[in-house]
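Residue-level listing of the chains:
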Amino acid sequence: MITIALYITLAMVMIAALLNVYRLIRGPDAPDRVLALDTLYINAIALIILLGITLGTRLYLESALLIAVMGFVGTVAMAKYLKRGSVIE
């Protein structure tokens, strides 16, 4: 039963990631694209964790943590760039 639930969840998160890619490409302005990219990396983290659970290994959790840290830093840098025009002052 858990295997079926994992596969259904993987499919749903993949669909959400595809919709985020669509919003990233078709976003009307830059803040919408930054928000879509932020949500896309959250979906990537979810996919990696679900893959780790499916395969039964803990190696994927470390890569999910790395993606979370890099995604947070990237989102903060993009928000600062959009607000002020430069990242480093």
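The structure we're discussing is the one just above.
As the structure is a computational prediction, the values presented were derived from the model and not from experiment.

Engineer: Give me the lowdown on the overall build of the chain, citing residues and values where you can.
Structural biologist: Scanning the chain for helices and strands turns up 3 helices and 0 strands. The secondary structure elements of the chain, listed N-terminal to C-terminal, are α-α-α. Taken against the 2.2 N^0.38 rule, which gives 12 Å for 89 residues, the C-alpha radius of gyration of the chain at 15 Å runs more than 25% over that of a compact globule. Across its three principal directions, the C-alpha atoms of the chain cover 50 × 25 × 10 Å. Look at the contacts in the chain between residues 6 or more apart in sequence, and 45% of them connect residues 24 or more apart. Approximately 6600 Å² of the chain is accessible, and the part contributed by carbon and sulfur atoms is 74%. If the 7 positive side-chain charges of the chain are averaged to one point and the 5 negative ones to another, these points end up 2 Å apart.

Engineer: Just give me the short version of helix 2 (residues 30-55), but keep the residues and values in it.
Structural biologist: The end-to-end C-alpha distance of helix 2 is 37 Å, a good match for the 38 Å that 26 residues give at a rise of 1.5 Å each. Those residues of helix 2 that fall on the buried side of the exposure criterion are Val34, Ala36, Asp38, Tyr41, Asn43, Ile45, Ile48, Leu50 and Gly52. Buried residues along helix 2 sit in contact with helix 1 (2-26) and helix 3 (59-84). Positive phi appears at Gly56, one or two residues downstream of helix 2, with a value of about 75 degrees.

Engineer: Can you explain the side chain of Asn20? Please cite residues and give values.
Structural biologist: Its place among the elements puts Asn20 in helix 1. With relative accessibility at 12%, the residue Asn20 sits in the buried group. In this structure, Asn20 is in contact with Ala36, Thr39, Leu40 and Asn43, ignoring residues within four places of it in sequence.

Parameters and conventions
- Residues numbered from 1 in each chain as written.
- Predicted model: local features only at pLDDT ≥ 70, side-chain atom pairs only at ≥ 80, totals over all residues.
- Heavy atoms only, no water.
- Helix = DSSP H or I, 4+ residues; strand = E, 2+ residues; numbered from the N terminus.
- Rg over C-alpha atoms; globule rule 2.2 N^0.38 Å.
- Contact = heavy atoms within 4.5 Å.
- Areas by Shrake-Rupley, 256 points an atom, 1.4 Å probe, with all protein chains shown as cover.
- Lys, Arg positive; Asp, Glu negative; His and termini not counted.
- Charge placed at Lys NZ, Arg CZ, Asp CG, Glu CD.
- Expected span 1.5 Å × (residues − 1).
- Buried < 20%, exposed > 50% of the residue type's maximum accessible area, 1.4 Å probe, protein only.

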